[in-house]
Amino acid sequence: QVQLVESGGGLVQPGGSLRLSCAASGSIFSINFMGWYRQVPGKQRDFVATITSGGSTNYADSVKGRFTISRDNAKNTVYLQMNSLKPEDTAVYYCNAFLRAPTHLNFRLYWGQGTQVTVSS
């Protein structure tokens with residue numbers, strides 16, 4: 001059983017910083033990409049950032065220059081450093097991982113349960 005667990009969310013003032021973490025655990029053979037999405041109530045889940053196993057990154061235009069995604073392959077963990085936060089960054093942040101379990105032939109997409117980030121004064 002594979003599990004993704006996010007941590008690091010919370011309340012922060014505009015202009016502040018937060019660092020999110022997401023650890024994948026369980027029976028994992030290989031992880032391809034890992035990433036972050038966010039969602040506000042009543043809206044679709046939006047792409048934030050992704051990182052491949054080789055370290056290539058991609059960002060949504062709205063977070064470029066403010067957010068940095070990184071990963072520790074030895075720990076099966078992905079991070080999202082969020083700086084210069086704005087009220088419009090308020091959302092539930094979800095991590096995902098495209099990975100293969102030892103008992104599976106194919107890679108599958110797994111999601112975490114989400115962590116709330118609120119940017120408000």
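Residues numbered from 1 in each chain as written. Predicted model: local features only at pLDDT ≥ 70, side-chain atom pairs only at ≥ 80, totals over all residues. Heavy atoms only, no water.

> How would you sum up the sheet that holds strand β7 (residues 67-72)? Please name residues and give values.
The strands making up a sheet are joined through hydrogen bonds of the backbone, oriented either antiparallel or parallel. A sheet is described by the order of its strands in space; here 4 strands give the open sequence β1-β3-β8-β7, paired in antiparallel fashion. The open sheet is flanked by β1 (3-7) and β7, the only strands paired with a single partner. Neighbouring strand axes in the sheet, compared pairwise and without regard to direction, differ in orientation by 15 degrees on average. When β1 meets strand β3 (residues 18-25), the two strands line up antiparallel, connected through 5 bridges. Note on β3: the bridge partner recorded for Gln3 is Ser25. (Pairing = 2+ DSSP bridges. Helix = DSSP H or I, 4+ residues; strand = E, 2+ residues; numbered from the N terminus. Axes fitted to C-alpha atoms, helices over the stretch in contact; angles between N-to-C directions.)

> I'd love a proper account of the nonpolar core, names of residues and values included.
Ranked by size, the top nonpolar core spans 31 residues in total, and within it Trp36, Leu80, Met82 and Tyr93 carry the most contacts. Looking at this core, the elements with two or more residues in it are β3, β4 (30-39), β5 (46-51), β7, β8 (77-82), β9 (91-100) and β11 (115-119). When near neighbours in sequence (up to four residues on either side) are disregarded, Met82 contacts Gly16, Ser17, Leu18, Leu20, Arg66, Phe67, Tyr93 and Val117. (Core = buried A, V, L, I, M, F, W, Y, C linked by side-chain atoms within 4.5 Å. Buried < 20%, exposed > 50% of the residue type's maximum accessible area, 1.4 Å probe, protein only. Contact = heavy atoms within 4.5 Å.)

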